[in-house]
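Descriptive analysis of the structure
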Amino acid sequence: MAKPKKTPRPKALPPKGFRDYFGADVTERKHMLDGIADVYHRYGFEALETSGVETVEALGKFLPDVDRPNEGVFAWQEDDSDWVALRYDLTAPLARVYAQFRNDLPTPYRRYAMGTVWRNEKPGPGRYRQFYQCDADTVGAPSVAADAEICAMLSDTLETVGIDRGDYIVRVNNRKVLNGVMEVAGVLDPSDPDKFINERGIVLRAIDKLDRLGTDGVRALLGEGRKDASGDFTKGAGLSAEQAEIVMGFMSAKRDTGALTVARLHELVRGSKVGADGVNELETIATLLAAQGYNSDRIEIDPSVVRGLGYYTGPVYEAELTFKILDEKGRERDFGSVSGGGRYDDLVKRFTGQEVPATGVSIGVDRLLAALRMKGQVASIPQGPVVVTVMDKSQMPAYQTMVAELRNAGIRSEVYLGNPKNFGNQLKYADKRHSPIAVIMGGDEAERGVIQIKDLILGAKIAENATLEEWKERPSQYEVPRGDLVAKVREILAEQASD
């Protein structure tokens, strides 16, 4: 008789494209998001938490992976035949919420949201299918003053979390300006929006690839097409050399000052009403920001900001960190973008049938947190709890009393709950938890009404590189009356913080 096959043990691995976040990661992220929320709240924005699941109908045209065009979201069919999906961003749920509750919400509605999103995309290095987003949006405000406010708030946010002025720049552009440029170039007809739609799509995708392909690569895609290193050919927009140069001029229109940049943009869109409207909006944004003290050292007009121009309907903005880092090959480069957004006046219209103006920004939480770590603004090893060791199991009520006193004083602490037989293992546990202090009380200490308090941070430093004289000058372990527990722990924590 054949032996029954054993059920194989499951592999202790997360699904491909997913990862786990441990205590330090979660704590650092929460600290950063608390700072961001403080700025948003100061600007008058209200918090909103939406459902993690939306109907596919509500999500509408989601953002598919270019390599998996029929996917993009994690979706499934409910018993009543409705399809639902995990949210892929925080903007589509906002559009649904505003449309659903617009009679109850104030107009404009200013909200911020922080939470997990999921994308059914092909995972790769640094590209995950579950990640955290942090958004702020104003719905129902047609004035570009709302766009200027978002840019100012983004600048304040970066400085609040620890990015110094001079290490970032918020760049502002306008989709209407590009529309005006394409009208002048002959690939947009205001009387027939569908005319040249394929050519415009290729132009937008080409401009989006400027960073990767450079000007020559973009110019080729604006013309007949481009063959890459593998020999694959990508068909171009078919623009003439004169038409292509008009588009290329748009991308290189930035000048030394905002006024000169605006003047150059006016030249490029001459004859296009939508283009002139876009340049005038940029001028207004610059004027409003300057009135609040946000000058070109923090926020500037830059026509090279082209990401997402196919999605947005007006001003677009992007926050770039400008300090240098080394890439995987050891080459020096700027850190790059950590945030982007803009005006999208068509999104809520899907639900209401009426155009509802909206503008907003999204911060890449993981990227910004990585930047703060590189700048030394986030502790690489967060402090753990004070550990009350267990020398005598019969004294457990006394140990629990001590930890309660510490917690009531606002000090993070715990009683060691492992096997207490080996005291060395308790200290190893405290070391693994990055604990600053260990509290020790055996039978002898209990009889005498004292406790031992060990400064684990100082002890580690002394063990590593201190001389005997330094040890004598500053002991790392103290015997104090039991009643001085909280006061002495506070004193040691304060010394550690000052060091």
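Take the overall build of the chain next. Looking only at helices and strands, the chain has 18 helices and 18 strands in total. With the C-alpha coordinates of the chain rotated into their principal frame, the extents come out at 95 × 75 × 55 Å. Buried residues in the chain amount to 46% of all 499 residues. Look at the contacts in the chain between residues 6 or more apart in sequence, and 67% of them connect residues 24 or more apart. Only carbon and sulfur atoms are counted for the fraction: they give 50% of the accessible area of the chain, which is about 26,600 Å². Of the charged side chains in the chain, 66 are positive and 75 negative; the average position of the first set lies 5 Å away from that of the second.

A surface patch of like charges, here negative, comprises E57, E78, D79, D80 and D82. Following the sequence through the fold, E57 ends up in helix α2 (residues 56-59).

Turning next to the sheet that holds strand β1 (residues 46-47). What the eight strands build is an open sheet, ordered β1-β5-β6-β13-β12-β11-β7-β10; its pairing is mixed. Single-partner strands in this sheet number two, and they are β1 and β10 (299-301). In terms of strand pairing, β1 meets strand β5 (residues 109-118) through two bridges, oriented parallel. Looking across to β5, one finds that A47 is bridged to Y112. Set on the sheet, helix α4 (residues 145-161) makes contact with β5, β6 (130-139), β7 (168-174), β10, β11 (315-326), β12 (332-343) and β13 (358-364); between it and β13 the angle comes to about 20°.

M32, I36, Y40 and L368 are the most contacted members of the largest nonpolar core, which has 77 residues in total. Looking at this core element by element, the count peaks at eight residues for α4. If we ignore the near neighbours within four places in the chain, the residues touching M32 are V161, V365, L368, L369 and L372. Core analysis: the second largest hydrophobic core is formed by 26 residues, I437, A438, L456 and Y478 among them.

This paragraph deals with helix α10 (residues 273-291). Spanning 19 residues, α10 covers 27 Å between terminal C-alpha atoms, matching the ideal 27 Å at 1.5 Å per step. Those residues of α10 that sit buried are G275, G278, V279, E281, L282, I285 and L289. Summarising the axial view, the buried residues of α10 lie within an arc of 150°, below the 170-degree limit, and thus occupy one face. More than 90 degrees from the buried face of α10, the exposed residues found are K273, T287 and A291. In this structure, the buried residues of α10 make contact with α4, β7, α5 (175-185), α9 (258-268), β10 and β11. A side-chain oxygen of the first residue of α10 lies 3.1 Å from the backbone nitrogen of G275; this N-cap is S272. Once α10 ends, the next one or two residues include G293, with phi positive near 95°.

What counts and what doesn't
- Residues numbered from 1 in each chain as written.
- Predicted model: local features only at pLDDT ≥ 70, side-chain atom pairs only at ≥ 80, totals over all residues.
- Heavy atoms only, no water.
- Helix = DSSP H or I, 4+ residues; strand = E, 2+ residues; numbered from the N terminus.
- Buried < 20%, exposed > 50% of the residue type's maximum accessible area, 1.4 Å probe, protein only.
- Contact = heavy atoms within 4.5 Å.
- Areas by Shrake-Rupley, 256 points an atom, 1.4 Å probe, with all protein chains shown as cover.
- Lys, Arg positive; Asp, Glu negative; His and termini not counted.
- Charge placed at Lys NZ, Arg CZ, Asp CG, Glu CD.
- Patch = residues over 30% accessible without salt bridge, like charges linked within 9 Å, V, L, I, M, F, W, Y side chains within 5 Å.
- Salt bridge = Lys/Arg side-chain N within 4 Å of Asp/Glu carboxyl O.
- Pairing = 2+ DSSP bridges.
- Axes fitted to C-alpha atoms, helices over the stretch in contact; angles between N-to-C directions.
- Core = buried A, V, L, I, M, F, W, Y, C linked by side-chain atoms within 4.5 Å.
- Expected span 1.5 Å × (residues − 1).
- Arc of directions from axis to C-beta.
- Polar contact = N/O pair within 3.5 Å; in protein donor to acceptor, adjacent residues only side chain to side chain.

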